[in-house]
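Structural features, examined
In case you want the letters, here they are:
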Amino acid sequence: MNVQKVGVIGVGGWGENHIKTYVDSPLTELVAVCDVNSERADRIAAEYRVPNVFPDYRDLLAMPDVDAVSIVTPDFMHAEITLAALAAGKHVLLEKPMATSIEECVSIREAVAASGCMFMVDFHNRWNPPFAKAKKAIEDGEIGRLLYAYYRLQDTIFVPTKMLSWAGQSTVNWFLASHCLDTLMWLFDDVIETVYTVSRSEVLKSKGIDTPDFYASVVQFRNGGVATLENGWVLPNTAPNIIDFKTEMIGTDGVLYTDGSHHRILQKYTQDNASYPDVLVSPTVHGKPTGFGIESIRAFAECIACDRQPMVGAEEGERVTRVILAMEESARTGAEVEVLIPRPS
Ligand SMILES: NC(=O)c1ccc[n+]([C@@H]2O[C@H](COP(=O)([O-])OP(=O)(O)OC[C@H]3O[C@@H](n4cnc5c(N)ncnc54)[C@H](O)[C@@H]3O)[C@@H](O)[C@H]2O)c1
């Protein structure tokens, strides 16, 4: 086991979870951060005592003693930085979605293979305890063969209007369905072959954010499995929590239900306020970052320190991107769309 020197590129909302994890882990030393927003990068570096701060990712990648980087830039800004990091010989933990075009995904997949570096896409629901238990139940045959799944992951309108300055340059499909699709293909242990998607643009468009309000999709797997997905960005801000997150998995011999909307586990009512604190995604417990949003990053740290391959690599990232592109096409054309299956590397 070797302590790995790491850098984080993009230190916005989610980047801070990568920073907290690396600072907390005995397996990693956070040596550099980078953000085009210098003010934010300087503040984060001071708060977490990071010795090197850069506005340009190329300067971070030029540091010879950096072993690995997390890339936590907006959805459509992943490929160029990832390719540069791999070319510089750094292991990469890349936020979802891997990239937003097939060409970019193929380039990343080929660059990973050529570099010999570790590469992981942060599909952290594989570390989400209800899904990990569901996967085990399915593998153990407890619900028979998985026939059908329903997957709802919706955000309040806070996310596209206040949290993300770049929502109009992405979609809730890239932001949320990417998680759902990886989880579904993992649970079904199968690839998605066709998609039919409907979306509508009204509420966000009227606020000047040109991105759909929601997508409703039916996807079919190669071996006959079916799933419906609902991904939206317009739930009211009075909703108990920022995410509404429910699934149902029906097998030939049983059913599994999950509810990851963290408004039922801890309910807090004071004289002035009702709140439902996060206890699942990235809460701090006894001063330590924890939750499945942290565990996936910790798993990457273990992989690079112990020389183990990550559970989720470039193939999984690419197949998700291919499905999302098919969903976007289906929403545009009104037709069912076949997913282009990747060529093996
Ligand atoms: N795993 C999850 O559940 C999860 C949750 C939230 C966000 N994300 C993903 O993380 C990524 C970032 O999302 P976020 O919510 O932190 O967004 P954000 O806008 O809060 O942060 C992005 C940061 O990247 C910086 N940036 C942009 N271009 C850059 C560049 N070329 N070089 C360096 N820095 C640059 C921005 O200044 C900003 O600080 C997205 O891909 C998003 O989908 C994942």
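Residues numbered from 1 in each chain as written. Predicted model: local features only at pLDDT ≥ 70, side-chain atom pairs only at ≥ 80, totals over all residues. Heavy atoms only, no water.

Considerations on the domain arrangement of the protein chain
Looking at the protein chain, the domain boundaries give domain 1 (4-124 + 299-312) and domain 2 (125-277 + 319-338). Relative to domain 2, the C-alpha centre of domain 1 lies at a distance of 25 Å. Taken together, the contact between domain 1 and domain 2 spans 19 residues of the former and 16 residues of the latter. A per-residue breakdown of the area domain 1 buries against domain 2 is headed by Phe123, His124 and Met311, which together make up 35% of the total. In this structure, the connection of domain 1 to domain 2 is made through 0 salt bridges. Our count for the domain 1 to domain 2 interface comes out at 8 residue pairs in polar contact (both at pLDDT 80 or more). Sort the elements by how many residues they give to the side of domain 1 that touches domain 2 and helix α5 (residues 102-115) lands first, with 3 residues. Looking at the side of domain 1 that touches domain 2 residue by residue, the classes come out as 13 nonpolar, 3 polar and 3 charged. (Domains from an automatic or database assignment. Contact = heavy atoms within 4.5 Å. Buried area = accessible area lost by both parts, 1.4 Å probe. Salt bridge = Lys/Arg side-chain N within 4 Å of Asp/Glu carboxyl O. Polar contact = N/O pair within 3.5 Å; in protein donor to acceptor, adjacent residues only side chain to side chain. Helix = DSSP H or I, 4+ residues; strand = E, 2+ residues; numbered from the N terminus. Nonpolar A, V, L, I, M, F, W, Y, C, P; charged D, E, K, R; others polar.)

Overview of helix α8 (residues 172-188)
The end-to-end C-alpha distance of α8 is 23 Å, a good match for the 24 Å that 17 residues give at a rise of 1.5 Å each. Of all the bends in α8, the greatest, near 35°, is centred on Ser178. Of all the 17 residues making up α8, 17 are buried; the element is thus mostly covered by neighbouring parts of the structure. Just past α8, the residue Asp189 takes up positive phi, approximately 50°. (Expected span 1.5 Å × (residues − 1). Bend = angle between axes of the 7 residues up to and from the residue. Buried < 20%, exposed > 50% of the residue type's maximum accessible area, 1.4 Å probe, protein only.)

Some thoughts on helix α4 (residues 79-87)
Among the residues of α4, Ala79, Ile81, Thr82, Ala85 and Leu86 are the ones counted as buried. Taken down its axis, α4 places every buried residue within 165° of arc, on the same side. Seen from the open side of α4, the exposed residues pointing more than 90 degrees away from its buried face are Glu80 and Ala87. Residues of α4 that are buried make contact with β1 (4-9), α3 (57-61), β4 (68-71), β5 (91-94), α5 and β6 (119-121). (Arc of directions from axis to C-beta.)

A look at the site of the ligand
Taken together, 24 residues are adjacent to the ligand, and Trp14, Asp35, Asp75, His124 and Trp166 come closest. With respect to the ligand, the backbone of Thr73 contributes an N or O atom lying 3.1 Å from an oxygen atom. Contacts to the ligand include Trp166, whose side-chain N or O atom sits 2.8 Å from an oxygen atom. Here the ligand, which alone exposes 840 Å², has 88% of that area covered by the protein. Here the residues of the shell around the ligand sort into 11 nonpolar, 9 polar and 4 charged. Residue assignment places the shell around the ligand across two domains, with domain 1 (4-124 + 299-312) and domain 2 (125-277 + 319-338) each supplying three or more. (Near = heavy atom within 4 Å. Areas by Shrake-Rupley, 256 points an atom, 1.4 Å probe, with all protein chains shown as cover.)

Overview of the packing of aromatic side chains
As enumerated under the stated definition, the model contains 8 aromatic pairs in all. An angle of 75° between the planes, with centres 6.2 Å apart, marks the rings of Phe76 and Trp166 as edge-to-face. One end of the pair, Phe76, is in the loop between β4 and α4; the other, Trp166, is in the loop between α7 (158-163) and α8, and 90 residues separate them in sequence. The exposure class assigned to Phe76 is partly exposed, which follows from its relative accessible area of 28%. An aromatic cluster of at least three residues, connected via ring pairs, comprises Phe76, Trp166, Phe175 and Trp233. Sitting over the ring of Tyr57, Arg58 keeps its end group 5.6 Å from the ring centre. (Phe/Tyr/Trp six-rings, centres within 6.5 Å; stacked < 30°, edge-to-face > 60°. Lys NZ or Arg CZ within 6 Å of the ring centre and 35° of its normal.)

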